[in-house]
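Residue-level structure breakdown
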Amino acid sequence: PKHFSLTIAISIWLTGENDGDSSDESVVPATKTLQAVANQCCGESEMREIQCTVETAGVVNVQSSTGRRSQLYSFKYGMSDGSNMGGASRAAAKAIHAMLRKRIVDKCGYFVR
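Residues numbered from 1 in each chain as written. Predicted model: local features only at pLDDT ≥ 70, side-chain atom pairs only at ≥ 80, totals over all residues. Heavy atoms only, no water.

Before going further, it helps to examine the overall build of the protein. Across its full length, the protein holds two helices and five strands. The order of α-helices and β-strands along the protein, N terminus first, is β-α-β-β-β-α-β. Residue burial in the protein is summarised as follows: out of 113 residues, 37% are buried. A total of about 6700 Å² of accessible surface is found on the protein, and carbon and sulfur atoms cover 51% of it. (Helix = DSSP H or I, 4+ residues; strand = E, 2+ residues; numbered from the N terminus. Buried < 20%, exposed > 50% of the residue type's maximum accessible area, 1.4 Å probe, protein only. Areas by Shrake-Rupley, 256 points an atom, 1.4 Å probe, with all protein chains shown as cover.)

This part is about the state of the cysteines. Per the counting criterion, the structure on display carries zero disulfides. In this structure Cys-41 is not part of a disulfide, and its nearest cysteine sulfur, from Cys-42, lies 7.1 Å away. Left without a disulfide partner, Cys-52 is nearest to the cysteine sulfur of Cys-42, which lies 5.3 Å away. Overall, the relative accessible area of 4% leaves Cys-52 in the buried class. (Disulfide = S-S within 2.5 Å.)

This model, assessed by the stated rule, comprises zero aromatic pairs. The ring of Trp-13 carries the charged tip of Arg-68 above its face, separated from the ring centre by 4.0 Å. (Phe/Tyr/Trp six-rings, centres within 6.5 Å; stacked < 30°, edge-to-face > 60°. Lys NZ or Arg CZ within 6 Å of the ring centre and 35° of its normal.)

On to the packing of helix H1 (residues 30-44) against helix H2 (residues 87-106), then. For the pair H1 and H2, the least separation of the axes is 9 Å and the interaxial angle reads 135°. The angle between the axes of H1 and H2 places the two elements in the oblique class. Between H1 and H2 lies a crossing whose hand is right-handed. Residue-level contacts link Leu-34, Val-37, Ala-38, Gln-40, Cys-41, Cys-42 and Glu-44 of H1 to Ile-96, Met-99, Leu-100, Arg-103 and Ile-104 of H2. (Axes fitted to C-alpha atoms, helices over the stretch in contact; angles between N-to-C directions. Parallel < 35°, antiparallel > 145°, perpendicular 65-115°, else oblique. Left-handed = near helix turned anticlockwise from the far one by under 90°. Contact = heavy atoms within 4.5 Å.)

Shown next, in the form of structure tokens:
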């Protein structure tokens, strides 16, 4: 049910050939990088029982006029014990997401849209 979790999507412009998930073990997939940032933000939150799972959503989108590529990522927030997210928990998840979004831009150098 929806009240057990909160899912927010972010589209990120891909800036290089190594962006996105890769089968090449020497390349750190963007999903792993984003998951590490999400874990860090959740750990810094006052409500440490909130956790976030990052997944790619769909395929890489190529803008027809410019050729720029973007990938949609899904950030799913929930309680670590699987319990219902109440109003305070949902507000905390949104605060974590705002911190995460800023950190993706400031520290990782990604462009979000």
